[in-house]
Structures are given as structure tokens and as C-alpha cells.
Amino acid sequence: MTVDYDLVIIGAGPAGLTAGIYAARARMKVLLLEKAVPGGQILVTDWIENYPGFPEGISGYDLAEKMRVQAEDLGLEIQTAQVHSLNLSADVKEIVLKEKTIRTKSLIIASGASPKKLGIGEDKYMGKGISFCATCDAPFFRDKTVVAIGGGDTAVQEAIFLTKFAKKVFLVHRRDELRAAKILQERAFANDKIEFVWDSAVTGVDGLFGIENVHVKNLKTNKETTLKADGCFIWVGILPNTEFLNGAVKTDEFGFIVADAKMQTSVPGVYVAGDVRDTPLRQISTAVGDAAIAAVCAEHYIENL
Ligand code: NAP
């Protein structure tokens, strides 16, 4: 069977682009497939302060763009395409796209993750007050009141960003302590535009043309209240982007891909990197670390074929 590539990478976030940089420098014949714009989730991250080398911080967009330019300058081929399915049963791995099938000796899955929904009216109010992206939508809420949901790094960091525009941000969290990094917690607690609504869940939103009311239930007392707000940002965690996987490699109970220390999945020659991996920490720095290991191990794998 003919083979088109030594390595195909799925996903052009920090993990995929890093894998591409390593593979291009190793002079592998490599293709990176991305269904949208290269950059991944960091494209919607306003400001990154914990990626080494940028002491003043860097915008997610700028960091993604630098990674893309670096990868393409090294010769990485990036194609816009959505992966439909994988056939990994033979030594030559098949990546099925809408128009064609690509054959490769090795594969790195770096397809990332997407924000989880809560079922509180996301479909009806998306673009009409509900959002998952402060970088994209915060300017629409200048001098308005918004609700942010969640207690992790994303919710707290983005709630702080929202205060640059909104006059008030209610941060609704289901427990009475935050999961977010302590430095983010300190900043949020010191921000007098943020009001915490502890032990509570948002049960729904309503409004005529956009959001006007956000309904909240205290999970300890069952008391229901309504917050008057113009927007509602949902940051309650992430789901793996594995719609094309269909059991082709082993995943954990939440659908994240399981790998060994070499980033190899349950299928030899198939590697994983970044947020889509079953990992204790999802950062840009861990994604690029995964990707460097995956690319070098893929190189060794095809050398020994
Ligand atoms: P996360 O860490 O999984 O936090 C999700 C938050 O949403 C938690 O506080 C959780 O509550 C809450 N939650 C989950 N399901 C919920 C539900 N059904 N209803 C209400 N609340 C719910 O997710 P994330 O904040 O999106 O972060 C994802 C990954 O990216 C993490 O590894 C994070 O560290 C990383 N990240 C890092 C940075 C940074 O370093 N600056 C920025 C963004 C993201 P509980 O706490 O009660 O479980």
C-alpha cells in the first residue's frame, strides 16, 4: 500500500504545532490537519502569563501565530480539513476526510478539547447573551452586568478579564471554594467588580431579545434567585475533541485518550498530545512537552518499521 506521509498530526493548537516543528526539523514528511484556524483554544485566551519566556505575558493570538509561523517556516504543511474517521487496524494508518483518505506511517492526535455545555439555553441564546469566549464577546458587555459560571482557571481568569468591560460580574460556582490557581483567586477576590455566588448552580436564562435574567439555585438551601444580567459566560470544564475516534484508540471514562510515557496510545505508531490526552494538567507548557515527546517517538517508530 502506498503511503502519503511519515506522520500526520490532527489539530493545530500548541500541541499540534509543536509536534509539527519537531517533525519538520527531523525532516519527516509531515502533514498537519486543522478543521478551523491554527491556534486552538489559546486563540480565545486573552492573556497568557505562565508560558516561560514571556515575562510580560503574551496574548493567546500572538503566541499561536508565532508558533504557526515557526512551524511553517520550517516547512510544515498545514491543510484545512476535518477528519471524519480513522482506520488504524493495519501498519499503514488511514485518515478519512470528506474528499479523500490520507495514508501515513504514524499519527499524532492533538485535537484538543472544547468547552462543556450546561443545557441552560446555550442553543437559544448563543450569540444573544450566552458565550464561552470572553476575548471574543466581552466588548459587547461594556458597562453591563454579566454572570460567569465555574470555579476553575478558565472561569476565574476570564471573569477578571470581563471586568475590563462589564460594570459587574457575578461569578457563580457550585462549591464554596475555587479550583483555580491561587494567584488567580487572589486577583479575583481583590477585584471589587466581581461578586461571588457560592454553592450555586445556574438553572436557566431568559429574556425577550437577549438575556435579561439568569436563574440561580443555592445548592445548600435550594433557594432560587434571579440575577438581572445581560450576559452569561459558561466555563465549567472541557470535553475532548474526539468525534472522529469511534473507539480507534483507548480512552478514559471521560473520553480523553490514554497514553504511555512515550505518548503512544493503545495503537502502536499512534500518539497523542495536549488537552485531548488523559493528563493531570492541561497547560500550554504541558501540551508542547507532550508534543515534543510524541514527535520524537513517532520518528523513532518509523525508523524501526
Ligand atoms: P476545570 O479546571 O475542569 O474547571 C471546571 C470548573 O467548572 C470547576 O470549578 C468545576 O467545579 C466547575 N464545573 C464543572 N462541571 C460543572 C457543572 N456541571 N455545573 C457547574 N459547575 C461545573 O476547567 P477549566 O477551568 O476550563 O480548565 C481546563 C484546563 O485548562 C485545566 O487543566 C486548567 O488548569 C487549564 N487552564 C489553565 C489556565 C491557566 O493556567 N491560566 C487557564 C485556563 C485553563 P468544581 O471545582 O466543583 O469541580
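Conventions adopted
Residue positions within a chain follow its written sequence, with the count starting from 1. This being a predicted model, a pLDDT of at least 70 is required before a residue's local features are given, and a value of 80 or more before pairs of side-chain atoms are given or counted; all residues contribute to the totals for chains, interfaces and linings. Values reported for side chains reflect all heavy atoms of the structure, with hydrogen atoms and water molecules removed beforehand. Strands qualify as paired when DSSP identifies two bridges or more between them. Note on conventions: DSSP H or I runs of at least 4 residues are helices, E runs of at least 2 residues are strands, and numbering of each starts at the N terminus. Working rule for contacts: check all heavy atoms of both residues, and any pair within 4.5 Å makes them a contact. Comment: axis = line fitted to C-alpha atoms, over the contacting stretch for helices; angle = value between 0 and 180 degrees taken between N-to-C directions. How far each domain reaches was decided by an automatic or database domain assignment. Note on definitions: buried area is the accessible-area loss of two parts on being combined, 1.4 Å probe, summed for both. Any carboxyl oxygen of Asp or Glu that lies within 4 Å of a side-chain nitrogen of Lys or Arg is treated as forming a salt bridge with it. In protein, a polar contact requires one atom able to donate a hydrogen and another able to accept it; more generally it is a pair of N or O atoms within 3.5 Å, and residues adjacent in sequence count only if both atoms are side-chain atoms. Any residue outside Ala, Val, Leu, Ile, Met, Phe, Trp, Tyr, Cys, Pro, Asp, Glu, Lys and Arg is labelled polar, Gly included; the first ten of those are nonpolar and the last four are charged. Using a grid of 1 Å spacing that covers the protein atoms alone, one calls a set of points a cavity when a 1.4 Å probe fits there but cannot get out, and a pocket when the set is open and has protein on both sides within 12 Å along at least five of seven lines; lining residues are those with an atom within 4 Å of a point. Grid points are joined across faces, edges and corners, and a volume is the space filled by probe spheres set on the points. The near set for a molecule or strand comprises every residue that places at least one heavy atom within 4 Å of it. Surface exposure here means Shrake-Rupley accessible area, sampled with a 1.4 Å probe, where a residue is shielded only by the protein chains that are shown. To estimate the expected span of a helix, subtract one from its residue number and multiply by 1.5 Å. Between buried and exposed lies partly exposed: a residue is buried under 20% and exposed over 50% of the maximum accessible area for its type, with that area taken using a 1.4 Å probe on protein chains only. An angle below 35 degrees is read as roughly parallel, one above 145 as roughly antiparallel, one from 65 to 115 as roughly perpendicular, and any other as oblique. Each crossing is labelled by how the near helix is turned from the far one, with a counterclockwise turn of less than a right angle marking it left-handed and a clockwise turn marking it right-handed.

Trainee: Tell me about the sheet that holds strand 11 (residues 194-197), and please be specific about residues and values.
Mentor: The strand order across the open sheet formed by 5 strands is 8-15-9-10-11, and the pairing between neighbours is parallel. If you trace the sheet from one side to the other, it starts and ends with strand 8 (130-131) and strand 11, each paired once. Where strand 9 (residues 145-149) meets strand 15 (residues 231-234), 4 bridges bridge the pair, whose relative direction is parallel. Bridge assignment links Ala148 to a residue of strand 15, and that residue is Phe233. In the packing of helix 5 (residues 153-162) onto the sheet, the strands contacted are strand 9, strand 10 (168-172), strand 11 and strand 15, and the crossing angle to strand 10 comes to about 165°.

Trainee: Can you tell me about the domain arrangement of the protein, naming the residues and giving the values?
Mentor: Under the domain assignment used here, the protein contains domain 1 (5-114 + 238-303) and domain 2 (117-234). Inter-centroid distance (C-alpha atoms) of domain 1 to domain 2 is 31 Å. Across the boundary between the two partners, domain 1 contributes 6 residues, which contact 9 residues of domain 2. For the domain 1 and domain 2 pair, buried surface summed over both sides reaches about 520 Å², with 39% attributable to carbon and sulfur atoms. Sorting the residues of domain 1 by area buried against domain 2 places Val44, Asp46 and Glu49 first, and these three jointly supply 74% of that buried surface. Between Arg187 and Glu49 there is a salt bridge, and its shortest N-O distance comes to 2.9 Å. In this structure, the connection of domain 1 to domain 2 is made through 4 residue pairs in polar contact (both at pLDDT 80 or more). For the side of domain 1 that touches domain 2, the residue count by class is 2 nonpolar, 2 polar and 2 charged.

Trainee: Can you tell me about the sheet that holds strand 14 (residues 224-228), naming the residues and giving the values?
Mentor: One open sheet holds the 3 strands; their spatial order is 12-13-14, and the pairing between them is antiparallel. In the strand order of this sheet, the two ends are held by strand 12 (200-206) and strand 14, each with one partner. This sheet shows a mean twist of 30° between the axes of neighbouring strands, independent of strand direction. Bridge count for strand 12 against strand 13 (residues 213-218) is 6 bridges, and the pairing is antiparallel. Each bridged residue has a counterpart across the sheet, and for Val205 the counterpart in strand 13 is Val214.

Trainee: Let's hear about the layout of surface pockets: which residues, and what values?
Mentor: Quantified by volume, the second largest pocket comes out at close to 190 Å³. Forming the walls of the second largest pocket are Met126, Gly127, Lys128, Gly129, Ile130, Ser131, Asp137, Phe140, Phe141, Lys144 and Asp230. Partitioned by chemical class, the residues of the lining of the second largest pocket number 4 nonpolar, 3 polar and 4 charged.

Trainee: Any details on the site of the ligand? Residues and values, ideally.
Mentor: The environment of the ligand is formed by 18 residues, the closest being Asn50, Asp153, Gln157, Arg175 and Arg179. Here Arg282 contributes a backbone N or O atom positioned 3.4 Å from an oxygen atom of the ligand. Considered on its own, the ligand offers 910 Å² of accessible surface; in the complex 76% of this is hidden by protein. Counting only domains with at least three residues in the shell around the ligand, you end up with domain 1 (5-114 + 238-303) and domain 2 (117-234).

Trainee: For helix 7 (residues 284-303), give the residues involved together with the corresponding values.
Mentor: Compared with the 28 Å implied by 1.5 Å per residue over 20 residues, the 29 Å span of helix 7 between its first and last C-alpha is a close match. Ile284, Ala287, Val288, Asp290, Ala291, Ala292, Ala294, Ala295, Cys297, Ala298, Tyr301 and Ile302 are the residues of helix 7 that are buried.

Trainee: Talk me through the packing of helix 1 (residues 14-25) against helix 2 (residues 60-73); I want residue IDs and the actual numbers.
Mentor: It is at 9 Å that the axes of helix 1 and helix 2 come closest, and there the two elements cross at 25°. If you check the angle between helix 1 and helix 2, you find them roughly parallel. In this structure, helix 1 crosses over helix 2, and the sense of that crossing is left-handed. Counted together, Pro14, Leu17 and Ile21 of helix 1 and Ala64, Met67, Arg68, Gln70 and Ala71 of helix 2 form the full contact between these two elements.

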